[in-house]
Amino acid sequence: MFALMQSTRTQSLHLFIDPPTGLKAVVAIHSEQLGPALGGCRYLPYANDESAMTDAIHLAQGMSYKAALAGLALGGGKAVIMRNAHVENRAALFEAFGRFVDSLQGRFIIAVDSGTSTLDMDCIAQSTPHVTSTTASGDPSPHAAMGVFAGIRATSMARLGSDNLEGLRVAVQGLGNVGYALAEQLHAAGAELLVSDLDPGKVRLAVEQFGAHPVVNEALTSTPCDIFAPCGVGPVLNGQTVMQLRCAAVAGAANHQLTTLQVADQLEQRGILYAPDYVINAGGLIYVALTHRGADLGTITAHLARIPTRLTEVFAHAQAEKRSPARVAQMLAERMLYG
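Residues numbered from 1 in each chain as written. Predicted model: local features only at pLDDT ≥ 70, side-chain atom pairs only at ≥ 80, totals over all residues. Heavy atoms only, no water.

A. Local environment of the overall build of the protein. From N to C terminus, the protein includes 15 helices and 11 strands. Over its C-alpha trace the protein gives a radius of gyration of 19 Å, about what one expects of a compact globule, namely 20 Å for 339 residues. With respect to the principal axes defined by its C-alpha atoms, the protein has extents near 55 × 50 × 40 Å. The 339 residues of the protein split such that 55% are buried. Expressed as a percentage of contacts within the protein between residues at least 6 apart in sequence, the contacts between residues at least 24 apart total 65%. Total accessible area on the protein stands at roughly 13900 Å², and carbon and sulfur atoms take up 53% of it. Averaging the locations of the 23 positively and 28 negatively charged side chains of the protein gives two centres separated by 6 Å. (Helix = DSSP H or I, 4+ residues; strand = E, 2+ residues; numbered from the N terminus. Rg over C-alpha atoms; globule rule 2.2 N^0.38 Å. Buried < 20%, exposed > 50% of the residue type's maximum accessible area, 1.4 Å probe, protein only. Contact = heavy atoms within 4.5 Å. Areas by Shrake-Rupley, 256 points an atom, 1.4 Å probe, with all protein chains shown as cover. Lys, Arg positive; Asp, Glu negative; His and termini not counted. Charge placed at Lys NZ, Arg CZ, Asp CG, Glu CD.)

Take a look at the structure:
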């Protein structure tokens, strides 16, 4: 784990347990160079402790890059709570986690993420002020989707020569809070939707509301489309899936989409434009960060509008340097973080 921390330049890793509630949690703080670390709290089942810590470290690094490229005075962090099959008292578990967050004395600010809700953040807020995404501040998912939607338009312009999405086939993988909100915006813009999710109920709802075409999860990456939008959990782009893709671009809401940077090079070699995940999906972070500071909706919306501008800048750099946008985005972020 130390080797992984060194390779990702992760600053610190914190492990917490609370036997009365069954809490087992990890907080990874990647960087505080630009400000306190902010990141979401995942509440998911993990195969083992190592996989939970590895996930936290990789995601924290992405949050540092995301905050830097979004122009926020924040560092990156991530929390993972290992989910058991049975939880005696969910509220007590999150209150206990809030006490652990508070022990970090403001170095880490927690937000909602996969498997957690605004109600969970309310429980954390009973124990610490270093929390956002509460019911009072609101769900960041719609704003995350707004940023991704704007990024998809910028990606379409860069790859297809137009930001008009009417008639474009967009394959949305994962219909969680952000994925479903994105599908709604794409439908309103006239895009033809292909959708998949592990929950068949969400797929049925997208079919009914948006006229989406259902595709089984295993087949979506190989289904012909204009834009593939990964919006689920975990890395979905590896050497095998990249060779299956039949699209012009990849632009979605999921974090940590690439298994390695070499996969981004493969996308480049195949002529598939990649929108770096921590650039296009910064809308949620922007919303939770600015609401935590008391910003109004106009300020938040203006900051969200910078996402496609930054993405276009990354694409222009990548084209000029004949490099993958993923490598260019990493270079720009690390320059901001480390000089």
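B. Examining the layout of surface pockets more closely. Estimated volume of the largest pocket: approximately 1200 Å³. Lining of the largest pocket is provided by 47 residues; of these, D113, S114, C231, G232 and V233 occupy positions nearest its centre. The set of elements that each furnish at least two residues to the lining of the largest pocket consists of β3 (37-44), α2 (49-69), β5 (108-112), α5 (141-160), α6 (177-188), α8 (217-220) and α12 (283-292). When residues of the lining of the largest pocket are assigned to their parent elements, the largest contribution, five residues, is made by β3. For the lining of the largest pocket, the residue count by class is 17 nonpolar, 21 polar and nine charged. In this structure, the second largest pocket occupies an estimated 540 Å³ of space. Taken together, 27 residues form the lining of the second largest pocket, with Q61, H256, L258, Y278 and Q330 sitting closest to its centre. Counting only elements with at least two residues in the lining of the second largest pocket, the list comes to α1 (2-8), α2, α11 (277-280) and α15 (325-338). For the lining of the second largest pocket, the leading source of residues is α2, giving seven residues. Classifying every residue of the lining of the second largest pocket gives 11 nonpolar, 11 polar and five charged. (1 Å grid on protein atoms, 1.4 Å probe; cavity = no way out; pocket = protein on both sides within 12 Å on 5 of 7 lines; lining within 4 Å. Points joined across faces, edges and corners; volume = space filled by probe spheres on them. Nonpolar A, V, L, I, M, F, W, Y, C, P; charged D, E, K, R; others polar.)

C. Representation of α6 within the structure. Helix length check: α6 (12 residues) gives 17 Å between terminal C-alpha atoms against 16 Å at 1.5 Å per residue, within 8%. Restricting attention to buried positions, one finds in α6 the residues G179, Y180, A181, L182, A183 and L186. In this structure, the buried side of α6 is in contact with α5, β6 (169-173), β7 (192-196) and α7 (200-210). In the segment just after α6, G190 is the residue with positive phi, at about 95 degrees. (Expected span 1.5 Å × (residues − 1).)

D. Broad picture of the sheet that holds β6. One open sheet holds the six strands; their spatial order is β8-β7-β6-β9-β10-β11, and the pairing between them is parallel. Looking at the sheet topology across the chains shown, the edges are occupied by β8 (213-214) and β11 (273-274). Alignment of β7 against β8, held across two bridges, turns out to be parallel. Considered in β8, the bridge of L194 is made with H213. Strand contacts of α7: β7 and β8, with the helix running at about 165 degrees to β7, the strand carrying the most contacts. (Pairing = 2+ DSSP bridges. Axes fitted to C-alpha atoms, helices over the stretch in contact; angles between N-to-C directions.)

E. Region of interest: the nonpolar core. Core analysis: the biggest nonpolar cluster contains 45 residues, and I152, L186 and L193 have the highest contact counts within it. Once you skip the residues sitting within four places of it in the chain, I152 turns out to touch L165, L182, L186, I227, A251 and I280. Ranked by size, the runner-up nonpolar core spans 24 residues in total, among them L23, A79, I81 and V112. (Core = buried A, V, L, I, M, F, W, Y, C linked by side-chain atoms within 4.5 Å.)

F. Quick look at the sheet that holds strand β4 (residues 75-82). As summarised here, the arrangement of the five strands in space is β1-β2-β4-β3-β5, forming an open sheet in which the pairing is mixed. The open sheet has two edge strands, β1 (12-18) and β5, and neither has a second partner. The mean inter-strand angle of the sheet, taken between neighbouring strand axes irrespective of direction, is 25 degrees. One ladder, built from six bridges, connects strand β2 (residues 23-31) with β4; its direction is antiparallel. By the bridge assignment, A25 is partnered in β4 with I81.

G. Summary view of the packing of α2 against α15. Two elements in contact, α2 and α15, have axes whose closest approach is 9 Å; the angle formed by their N-to-C orientations is 80 degrees. If you check the angle between α2 and α15, you find them roughly perpendicular. Here S64, Y65, A68 and L69 of α2 come into contact with α15, specifically with A329, Q330, L332, A333, E334, M336 and L337. For the contact of α2 with α15, a count of residues per class yields eight nonpolar, two polar and one charged. (Parallel < 35°, antiparallel > 145°, perpendicular 65-115°, else oblique.)

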